[in-house]
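# Remarks on the overall topology
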Amino acid sequence: EQITDLQFSRVCRFLGENRYLMKHLLNVKVNLSSLDMMRNDCSRHFIRIMDAYKIPHNWIQFEITETVATECNAGLRRVAEEFTAAGISFCLDDFGSGFSSLGLLKSFDVDAIKLDRIFFEDIAQKKAQDILCCLIELAHRLHIQVVAEGIETEEQLDFLRTTTCDMVQGYYYARPLPAAEYTAWLEQFHSVE
């Protein structure tokens, strides 16, 4: 919990100091663990941190893995409803890496899914492409945005360009960067004022 609090405070402080970045970003995704979700005051706690830095709630999207969602099933619905009421959305991370992904889409409202990198390892195979296209179509029918995670090659990106996938994340673009390097990296795509 202390590590999550420290990291989340750093994220909020960075966004507070660099508000102009949000003109170029949809939101910032932050992972929550099962321990975070089981806190008695989970939603109030993280909302207090955001409010302390004057971060608009729609700037943050919390990511949870399907493991977290299944471990916290009882309390997750309450926490999710509290976050949703405050304008904070959820993303289901590593979608498809376990056995309960489709069941979670039925029982838990998410705004986005991040397709697990395992789907992109053999992207040249027709079967892998068909599965990806079906998952993207299913998500869109449920009004869920789709993020392809773990994209590392031109071949993977070329295939995704033929789909309706909403976002792409991976080392193809950049590895994790310190804050100053990140803002410099972002400037190459946008005129940052």
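Attention here is on the structure that accompanies the text. (Residues numbered from 1 in each chain as written. Predicted model: local features only at pLDDT ≥ 70, side-chain atom pairs only at ≥ 80, totals over all residues. Heavy atoms only, no water.)

### Some points on the environment of Asp93
Here is the rule we go by: Numbering of helices and strands runs from the N terminus, with a helix taken as a DSSP run of H or I at least four residues long and a strand as a DSSP run of E at least two residues long. Should any heavy atoms of two residues lie within 4.5 Å, those residues are counted as being in contact.
Here Asp93 lies in strand S3 (residues 89-95). Along the sequence, Asp93 and Ala80 sit 13 residues apart, while their C-alpha atoms lie 15 Å from each other. Not counting chain neighbours up to four residues away, the residues in contact with Asp93 comprise Asn31, Glu63, Ile64, Thr65, Glu66, Lys114 and Glu149.

### Focus on the pattern of salt bridges
We apply this condition: Any Lys or Arg side-chain nitrogen found within 4 Å of a carboxyl oxygen on Asp or Glu counts as a salt bridge. The rule is simple: take the accessible area with a 1.4 Å probe, protein chains only, and divide by the maximum for that residue type; under 20% is buried, over 50% is exposed, in between is partly exposed.
Inspection of the entire model under this criterion finds 10 salt bridges. Across the pair Arg39 and Asp5 runs a salt bridge, and its minimum N-O distance is 3.0 Å. Of the two residues, Arg39 is situated in the loop between helix H2 (34-37) and helix H3 (42-52) and Asp5 in helix H1 (residues 2-17); the sequence distance between them amounts to 34 residues. We note that Arg39, like Asp5, is buried.

### Concerning helix H7 (residues 126-141)
Using the following cut-off: Multiplying 1.5 Å by the residue count of a helix minus one yields the expected span of that helix. Of all possible arcs, the one meant is that of the directions from the helix axis to the C-beta atoms.
Here H7 spans 22 Å end to end across 16 residues, near enough to the 22 Å set by a 1.5 Å rise per residue. Listed as buried for H7 are Ala128, Leu132, Leu135, Ile136 and Ala139. One face of H7 carries all of its buried residues, which in axial projection span an arc of 95 degrees. Exposed and oriented more than 90 degrees from the buried face of H7 are Lys126, Lys127 and Arg141. As for H7, its buried residues are in contact with S3, strand S4 (112-115), strand S5 (145-149) and helix H8 (154-161).

### Some points on the packing of aromatic side chains
So the rule is basically this: Between the rings of Phe, Tyr and Trp (Trp by its six-membered ring), a pair exists once the centres lie within 6.5 Å; its type follows the angle of the planes, with under 30 degrees stacked, over 60 edge-to-face, and the other angles tilted. Whether a charge sits over a ring depends on NZ of Lys or CZ of Arg being within 6 Å of the ring centre and within 35 degrees of the ring normal.
With the rule as written, the count across this model stands at eight aromatic pairs. The ring of Tyr171 has Arg175 sitting right over it, with the charged end atom 3.9 Å from the ring centre.

### What to know about the sheet that holds S3
Put simply, the test is: Paired strands, as defined in this entry, are two strands with at least two bridges between them according to DSSP. All axes are obtained by fitting lines to C-alpha atoms, using only the stretch in contact for helices, and the reported angles, taken between N-to-C directions, cover 0 to 180 degrees.
Pairing is parallel in the open sheet, where six strands are placed in the order S1-S2-S3-S4-S5-S6. Both outer strands of the open sheet, strand S1 (28-31) and strand S6 (167-169), are each paired with one neighbouring strand and no more. Neighbour to neighbour, the strand axes of the sheet diverge by 30 degrees on average, direction disregarded. Here three bridges tie S3 to S4, and the two strands are oriented parallel to one another. Note that in S4 the partner of Leu92 across the bridge is Ile113. Against the sheet, H1 contacts S1 and strand S2 (60-65), and its axis sits at roughly 170 degrees relative to S1.

### Thoughts on the nonpolar core
Soluble globular proteins: nonpolar side chains tend toward being buried together. Defined as follows: The term nonpolar core refers to a set of buried residues drawn from Ala, Val, Leu, Ile, Met, Phe, Trp, Tyr and Cys, joined through side-chain atoms within 4.5 Å.
Ranked by internal contacts, the top residues of the largest apolar core, which has 49 residues, are Phe62, Ile64, Phe83, Ile113 and Leu115. It is H3 that provides the largest number of residues to this core, a total of five residues. Beyond its immediate chain neighbours, meaning those up to four positions away, Phe83 contacts Leu32, Cys42, Ser43, Phe46, Ile47, Phe62, Ile88 and Phe90.

### Structural notes on the pairing of S1
Looking along a regular strand, one sees side chains alternate from face to face of the sheet. Residues Val28 and Val30 of S1 are buried on one face, while the alternating residues Lys29 and Asn31, pointing to the opposite face, are not. The sheet contact formed by S1 and S2 spans four bridges and is parallel. Considered in S2, the bridge of Val30 is made with Phe62.

### Overview of the pairing of S2
The buried fraction of S2 amounts to five of the six residues, a majority that puts the element mostly inside the structure. Where S2 meets S3, five bridges bridge the pair, whose relative direction is parallel. Each residue of the ladder has a partner; that of Gln61, found in S3, is Ser89.

### A word on unusual backbone geometry
Backbone geometry at Asp94 places phi at a positive 55 degrees, although glycine is not the residue there. Of the residues examined, Asp94 reaches a relative accessible area of 24% and is grouped as partly exposed. At His143, a residue that is not glycine, the phi angle is positive and equals roughly 60 degrees. Relative to the helices and strands, His143 resides in the loop between H7 and S5.

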